[in-house]
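# Coordinate inspection notes
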Amino acid sequence: MEVYSKAETMALNAEDYHSLGIIYQKIAHTYNATGGHTEEIAYLDKALEAFEKAGKPYNSLYVYLEGGLARYNFQDYASAEKIFRNTMFQAHQAADTLLEAACLEAYAALCLETSRQDPELAISMLARKANELKCPLTCEDRGMLAYAYALTGNTAEASEWIAKALQTAETPAEKAQVKFREYQVASRSGDTASALAALEEVMDHINSVESVTLQRSVESARKEYKAHQLEISQQRLRTTRLAVAFIILTALAIVFALTGFIRYRRLETAKALAEEKAETERYMTIAEDLQIRLKAASKRLPSEKHMSIARFDLLERLCEQYYVYEGTDNLQSKILKEVKSAIEGLREDPKAIKGLEMMLDRNCNSLVARLREQMPKLKAEDLKLFIFAASGFSSTTISTILEKDKGIIYNRIWRLKGKISSSEAPDKEEFIEAINS
């Protein structure tokens, strides 16, 4: 500790936060070895702050996990769980398999330690460590799996995992950890003799190891053992009550499920009708926009009967039908289908586009012809967009005809204005004004 204190002073004077983080981390480890978890947590927090100042996210994440383990040893399970969740997410995002595996192991232990035990979550986490992350299970992991299965009532799996844990335990400390899990499994299954035998082996070993966490677990195990005996005597009564409650809840669930299903079907039907009506109104709005623009242009072409004019007649007829039969049963999907067909024809029929171009040239002093002549390198898509915009079509109409989002149409018109503005076309101001109006 004296050496670390001197190193801390030197690192502070040099503003070497990376080294300072390492020093604080080592001090925390020293407190952990002596059971001083409060001081351990404080120095791990200091190490985390130093690594963050030094711009060392890798070190920060590992120290953050160590802080969670320290809080777990201090029995601050709520804070430990929050840290484990955050670390697991960040480790997964960073694709740090080893850190994620260590976090899964720690979280699984916490699930078995808290008052609200969640053995199924512990099993799924250890399974993820072994199967998805391809990290081999330690003897401690196997011991946790045994206890988790015992909590779920699967005594066969619990016994199998205890046997596997005992086979892989090498050091005395590891064997003591497994024996403690064996005590928990035997206690759960009601095998009092095996439970006491396993607990005695743990207590014989406790004096030869410096494991504060194991010491705390063994001391709490005595209370747990007595409480479990009382639990066994009350188990039959709880089982009967749960069976009755299950039947009642099942009946209620069926009633609520049927009621919810009927309501869901009604809402889905209403939603479908609303969407159909909204789609019909949108296409009719577009049809009316096309009608107004084409009608205004066609008045100036008394001698021409172009394909686009015929298409305008169809749209005008459809609009009249819509407003005559709106709100009645006669407004069927056939009208909507014909409107879509007319718009698709305008999109795909080159003669229709040519008709709009002829109208613009006749009405606006050869507007499109001059654009073609003064900007010969203009793309066909940009020319088509210019014709639609100059004809006065709304952005909704253009987006439907070109099958693009309105935002894309806004951007394309903006870029087209930029191309025209930066060109050397003599009539560029008139061209821009035509698509602005």
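Residues numbered from 1 in each chain as written. Predicted model: local features only at pLDDT ≥ 70, side-chain atom pairs only at ≥ 80, totals over all residues. Heavy atoms only, no water.

## Thoughts on the nonpolar core
Applicable threshold: Buried Ala, Val, Leu, Ile, Met, Phe, Trp, Tyr and Cys residues that are joined via side-chain atoms within 4.5 Å together make up what is termed a nonpolar core. Each residue gets one of three labels from its accessible area relative to the maximum for its type: buried under 20%, exposed over 50%, partly exposed in between, using a 1.4 Å probe on protein chains only. Helix and strand assignments follow DSSP, with helices taken as H or I runs no shorter than four residues and strands as E runs no shorter than two, numbered in order from the N terminus. In what follows, a contact means two residues having at least one pair of non-hydrogen atoms within 4.5 Å.
One finds Tyr72, Phe84, Tyr107, Leu110, Leu112 and Leu145 to be the most contacted residues of the largest nonpolar core, which totals 38 residues. Of all elements in the fold, only helix H4 (57–73), helix H5 (77–93), helix H6 (97–113), helix H7 (119–131), helix H8 (139–152) and helix H9 (155–168) reach the threshold of two or more residues within this core. The greatest single-element share of this core, amounting to 11 residues, is contributed by H6. Ignoring any residue separated from it by four or fewer positions in sequence, one finds Tyr72 in contact with Tyr77, Ala80, Phe84, Ala109, Leu110 and Glu113. In this structure, Met375, Phe386, Ile387 and Ile432 belong to the second largest nonpolar core, which totals 30 residues.

## With respect to the side chain of Glu100
Within the element layout of this structure, Glu100 appears in helix H6. When its relative accessible area of 4% is taken as the criterion, Glu100 is described as buried. What Glu100 contacts, discounting residues up to four positions off in sequence, is Met88, Ala91, His92, Arg128 and Leu133.

## Some words on the environment of Ile398
Note on placement: Ile398 falls in helix H18 (residues 395–402). The exposure class assigned to Ile398 is buried, which follows from its relative accessible area of 1%. Beyond its immediate sequence surroundings of up to four residues, Ile398 is in contact with Leu385, Phe388, Ala389, Phe393 and Ile409.

## Let's talk about the packing of aromatic side chains
What characterises a pair of aromatic rings is the spacing of the ring centres plus the angle enclosed by the ring planes. Inclusion rule: Each Phe, Tyr or Trp ring (for Trp, its six-membered ring) is paired with any other whose centre lies within 6.5 Å, and the angle between the two planes then decides the class: stacked below 30 degrees, edge-to-face above 60, tilted in between.
Summed over the entire model, instances satisfying the criterion amount to seven aromatic pairs. An angle of 45° between the planes, with centres 6.1 Å apart, marks the rings of Phe84 and Tyr107 as tilted. With Phe84 in helix H5 and Tyr107 in helix H6, the pair connects residues that are 23 residues apart, well separated along the chain. For the pair shown, Phe84 and Tyr107 are each scored as buried. Between Phe386 and Phe431 the ring centres are 6.2 Å apart and the planes differ by 90°, which places this aromatic pair in the edge-to-face class.

## Some points on the confidence of the model for the protein
For the record, the criterion: Confidence of the prediction at every residue is given by pLDDT, a number between 0 and 100.
Summary statistics for the protein give a mean pLDDT of 79 and a share of 77% for residues scoring 70 or more. At the level of individual helices and strands, the protein shows its lowest average pLDDT in helix H13 (residues 307–325), which scores 53, and its highest in helix H3 (residues 37–53), which scores 91. Low pLDDT (under 50) marks residues 210–223, which in the prediction has 22 contacts with non-local residues, meaning those over four places away or in another chain.

## Topic: the packing of H18 against helix H19 (residues 406–422)
The line we're drawing: In this analysis, axes come from line fits to C-alpha atoms, helices being fitted only over the stretch in contact, and the angle between any two N-to-C directions falls in the range 0 to 180 degrees. Roughly parallel refers to an angle under 35 degrees, roughly antiparallel to one over 145, roughly perpendicular to one between 65 and 115, and oblique to any angle outside these ranges. When residue character is reported, Ala, Val, Leu, Ile, Met, Phe, Trp, Tyr, Cys and Pro are called nonpolar, Asp, Glu, Lys and Arg charged, and the others, Gly included, polar.
Their axes nearest at 9 Å, the elements H18 and H19 cross at an angle of 100°. With respect to H19, the axis of H18 lies roughly perpendicular. Contacts between H18 and H19 involve Ser395, Thr396, Ile398, Ser399 and Leu402 from the former and Lys406, Ile409, Tyr410 and Arg412 from the latter. Of the residues assigned to the contact of H18 with H19, the class counts are four nonpolar, three polar and two charged.

## Thoughts on the pattern of salt bridges
Selection rule: What makes a salt bridge here is a side-chain nitrogen of Lys or Arg within 4 Å of a carboxyl oxygen of Asp or Glu, nothing more.
Throughout the structure, instances matching the rule amount to 16 salt bridges. Its salt-bridge partner being Glu357, residue Lys354 comes within 3.7 Å of it at the nearest N-O pair. Here Lys354 pairs with Glu357, and both are found in helix H15 (residues 350–363), just three residues apart, close to one helical turn. In this structure Lys354 comes out as partly exposed when scored by relative accessible area, which is 42%. Residue classification places Glu357 among the buried residues on the basis of a relative accessible area of 5%. We note a salt bridge from Arg412 to Glu381, for which the minimum N-O separation is 3.9 Å. One end of the pair, Arg412, is in helix H19; the other, Glu381, is in helix H17 (residues 380–390), and 31 residues separate them in sequence. Using a relative accessible area of 13% as the deciding quantity, one classes Arg412 as buried.

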